[in-house]
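Letter by letter, the chains look like this.
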Amino acid sequence: MAGVVLKDIRKAYGQVKVLHGIDLDIRQGEFVVFVGPSGCGKSTLLRMISGLESITGGEMFIDGQLVNEVPPSRRGIAMVFQSYALYPHMTVYDNMAFGMRIAKESKQEIDRRVRSAAEILQLTPYLDRLPKALSGGQRQRVAIGRAICRNPKVFLFDEPLSNLDAALRVATRIEIAKLNEAMPDTTMIYVTHDQVEAMTLADRIVVLSAGRIEQVGAPLELYERPHNLFVARFIGSPAMNIIPATITETGETTTVSLRGGKSVRLPIATAATEKGKAASFGVRPEDLSIATGDEYLFEGQVSIVEALGEVTLLYIEGLADQEPIIAKIPGILDAKKGHAMRFAADPAKLHLFDAEGKTYRK
Ligand SMILES: Nc1ncnc2c1ncn2[C@@H]1O[C@H](COP(=O)(O)OP(=O)(O)OP(=O)(O)O)[C@@H](O)[C@H]1O
Ligand SMILES: [Mg+2]
């Protein structure tokens, strides 16, 4: 099975430790996305899987084989980077065929693979063109096509769409999703900063922070049940609102007092020993609604209104010295700066974290 297995993988550049022991089991055919803040080690980990970067500690297996000392060319891997380096004087066809010609593949085999890759990526009409006569998105698709032609067992992508404009990103993202469907046995590992790419492409997302894994899970699992505050704030945009709180009642349900005084009851069970402890209360902007009855979560003054058309973002001040709470309300609202408004939320959508940032499980 052409899975990728990482066991306690570590990386240091001299004295500087960058990865602190990564354990991860990627199944053959799986699409795994690495996300995390800039500098957390995503590219380093990807380059270590490709063999472009040495492994300081731990063991790496590809297709069941220990590859720590195996050179990149013998790992059955193809990598696509942020900036595509195509040969400017070669046609699209020749760019894609280049690697196979070096590897002395037969003419027929080269032709078969180039045409099949071009078909998957909708590049057939452009095979005779030079790269300069293509759009950025088409060029990036040629770079992906070139990688496909190598018939890799594992496909690595490091922010392949980040140089493209918004519309091209969407179009190329959809091509990558189709590519993944067309190559069900090929394992794909993809680094991105883009939430939508991560949520839509991934079978599983790996959230990294400062060289460690924070959580691994299906996109909606991370969104609905983050293990800790870091993941809760990292997945979702705008980020989850967090309000400091104190636990006042425990049991089958938990009551907290939010900074600012308001009491909230959550359908989360806590032990009696948690009473009096500091906690963080969390609610996503999209889980807030405008309160219609007397029941409300909190009240505040609108400080900024961002009308995006499909949704309106409201920034609400007034919860003690808290940074503004953001509410994401569908559609266009008649809300003005300075209005006092009340917000409600479905109790099942509320989150609670302990003083160390760990989630209290529902
Ligand atoms: N050759 C190197 N020598 C020393 N430190 C390095 C080297 N390459 C990377 N680092 C450090 O390793 C850490 C991880 O870098 P890496 O490029 O993997 O981050 P990243 O998660 O891909 O970030 P970004 O999202 O900005 O691309 C960073 O702190 C970086 O400065
Ligand atoms: Mg990077």
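Residues numbered from 1 in each chain as written. Chains lettered and ligands numbered in written order. Predicted model: local features only at pLDDT ≥ 70, side-chain atom pairs only at ≥ 80, totals over all residues. Heavy atoms only, no water.

Q: Mind showing me how you'd approach the overall build of the protein chain here?
A: In terms of regular secondary structure, the protein chain is built from eight helices and 20 strands. Across the 362 residues in the protein chain, those meeting the buried criterion constitute 48%. Partitioning the intrachain contacts of the protein chain with sequence separation of at least 6 by distance along the chain shows that 63% fall at a separation of at least 24. Here the protein chain contributes 43 positively and 43 negatively charged side chains, and the mean placements of these two sets differ by 5 Å. (Helix = DSSP H or I, 4+ residues; strand = E, 2+ residues; numbered from the N terminus. Buried < 20%, exposed > 50% of the residue type's maximum accessible area, 1.4 Å probe, protein only. Contact = heavy atoms within 4.5 Å. Lys, Arg positive; Asp, Glu negative; His and termini not counted. Charge placed at Lys NZ, Arg CZ, Asp CG, Glu CD.)

Q: Before we go on, may I ask you to explain the sheet that holds strand S14 (residues 278-283) in this structure?
A: Two strands in a sheet stick together by hydrogen bonds in their backbones, pointing the same way (parallel) or opposite ways (antiparallel). What the five strands build is an open sheet, ordered S13-S12-S11-S14-S20; its pairing is antiparallel. Among the strands making up the open sheet, the edge pair consists of strand S13 (263-266) and strand S20 (351-354). Each neighbouring strand pair of the sheet contributes to a mean axis angle of 40°, computed without reference to strand direction. Examined bridge by bridge, strand S11 (residues 241-249) and S14 share six bridges and lie antiparallel to one another. If you follow Ala-245 over to S14, its bridge partner there is Ala-279. (Pairing = 2+ DSSP bridges. Axes fitted to C-alpha atoms, helices over the stretch in contact; angles between N-to-C directions.)

Q: Quick question: what am I supposed to make of the domain arrangement of the protein chain here?
A: In many analyses, interface size is given as the accessible surface area lost on bringing the parts together. We note that the domain assignment places domain 1 (4-234) and domain 2 (241-353) within the protein chain. Computed from C-alpha coordinates alone, the two centres of domain 1 and domain 2 are separated by 39 Å. Overall, the association of domain 1 and domain 2 removes approximately 640 Å² of surface from exposure, summing both partners, and the carbon and sulfur fraction of that is 55%. Contact with domain 2 buries area across many residues of domain 1, yet Tyr-223, Leu-229 and Arg-233 alone supply 69% of it, more than any other trio. Scanning the region where domain 1 abuts domain 2 turns up two residue pairs in polar contact (both at pLDDT 80 or more). Elements with a contribution of two residues or more to the side of domain 1 that touches domain 2: helix H7 (219-224) and helix H8 (229-234). Among the residues making up the side of domain 1 that touches domain 2, the classes are represented as five nonpolar, one polar and two charged. (Domains from an automatic or database assignment. Buried area = accessible area lost by both parts, 1.4 Å probe. Polar contact = N/O pair within 3.5 Å; in protein donor to acceptor, adjacent residues only side chain to side chain. Nonpolar A, V, L, I, M, F, W, Y, C, P; charged D, E, K, R; others polar.)

Q: Which parts of the structure should I look at to understand the packing of aromatic side chains?
A: For any pair of aromatic rings, the description rests on two quantities: the centre-to-centre distance and the angle between the ring planes. According to the stated counting rule, one finds six aromatic pairs in the structure shown. An angle of 10° between the planes, with centres 5.8 Å apart, marks the rings of Phe-230 and Phe-234 as stacked. One end of the pair, Phe-230, and the other, Phe-234, are both in helix H8, four residues apart, so they sit about a helical turn from each other. Classification of Phe-234 as partly exposed rests on a relative accessible area of 24%. Cluster of aromatic residues (ring-pair linked, three or more members): Phe-31, Phe-155, Phe-157 and Tyr-190. If you follow Lys-262 out to its NZ or CZ, it ends over the ring of Tyr-296, 4.1 Å from the centre. Over the face of the ring belonging to Tyr-223 we find Arg-284, whose NZ or CZ atom lies 4.2 Å from the ring centre. (Phe/Tyr/Trp six-rings, centres within 6.5 Å; stacked < 30°, edge-to-face > 60°. Lys NZ or Arg CZ within 6 Å of the ring centre and 35° of its normal.)

Q: How do you make sense of the site of ligand 1 when you look at a structure like this?
A: The local shell around ligand 1 consists of Tyr-13, Val-18, Pro-37, Ser-38, Gly-39, Cys-40, Gly-41, Lys-42, Ser-43, Thr-44, Glu-159 and His-193. Ser-38 is positioned with one of its side-chain polar atoms (N or O) 2.5 Å from an oxygen atom of ligand 1. Ser-43 is positioned such that a nitrogen or oxygen atom in its side chain is 2.8 Å from an oxygen atom of ligand 1. Contact with the protein chains hides 56% of the accessible area of ligand 1, taken as 640 Å² for the molecule alone. The element contributing the most residues to the shell around ligand 1 is helix H1 (residues 42-50), with three residues. Considering only residue class, the shell around ligand 1 consists of four nonpolar, six polar and two charged. (Near = heavy atom within 4 Å. Areas by Shrake-Rupley, 256 points an atom, 1.4 Å probe, with all protein chains shown as cover.)

Q: In this structure, what is going on with the environment of Ile-332? I would like to understand it.
A: Within the element layout of this structure, Ile-332 appears in the loop between strand S18 (325-330) and strand S19 (340-345). Expressed as a C-alpha distance, the spacing of Ile-332 and Leu-313, which sit 19 residues apart in the sequence, is 9.6 Å. Setting aside its immediate chain neighbours within four residues, Ile-332 contacts Gly-309 and Thr-312.

Q: Is there a simple way to explain the pattern of salt bridges in this structure?
A: When their charged atoms lie close together, side chains carrying opposite charge are able to pair. Counted according to the given criterion, the structure contains 18 salt bridges. The partner of Lys-277 in a salt bridge is Glu-274, with the nearest N and O atoms 3.4 Å apart. Overall, the relative accessible area of 39% leaves Lys-277 in the partly exposed class. Judged by relative accessible area, which is 15%, Glu-274 ranks as buried. Overlapping salt bridges, with partners in common, bring together Glu-105, Glu-109, Arg-112 and Arg-113 in one network. (Salt bridge = Lys/Arg side-chain N within 4 Å of Asp/Glu carboxyl O.)

Q: Honestly, helix H2 (residues 92-102) in this entry has me stumped. Any pointers?
A: Residues spaced three or four apart along an α-helix face the same direction, because each turn holds 3.6 residues. If you check which residues of H2 are buried, you get Val-92, Tyr-93, Asn-95, Met-96, Ala-97 and Met-100. Buried residues along H2 sit against helix H3 (107-120) and helix H4 (136-149).

Q: I'm lost on the packing of H4 against helix H5 (residues 166-182) in this one. Help?
A: The contact between H4 and H5 brings their axes to 10 Å, and the two run at 20°. As summarised for this structure, H4 and H5 are arranged roughly parallel, according to the angle between their axes. Considering the relative orientation of H4 and H5, their crossing is right-handed. Contacts between H4 and H5 involve Gly-136, Gly-137, Arg-141, Ile-144 and Ile-148 from the former and Leu-168, Thr-172, Glu-175, Ile-176 and Leu-179 from the latter. When the residues that make up the contact of H4 with H5 are grouped by side-chain class, the tally is five nonpolar, three polar and two charged. (Parallel < 35°, antiparallel > 145°, perpendicular 65-115°, else oblique. Left-handed = near helix turned anticlockwise from the far one by under 90°.)

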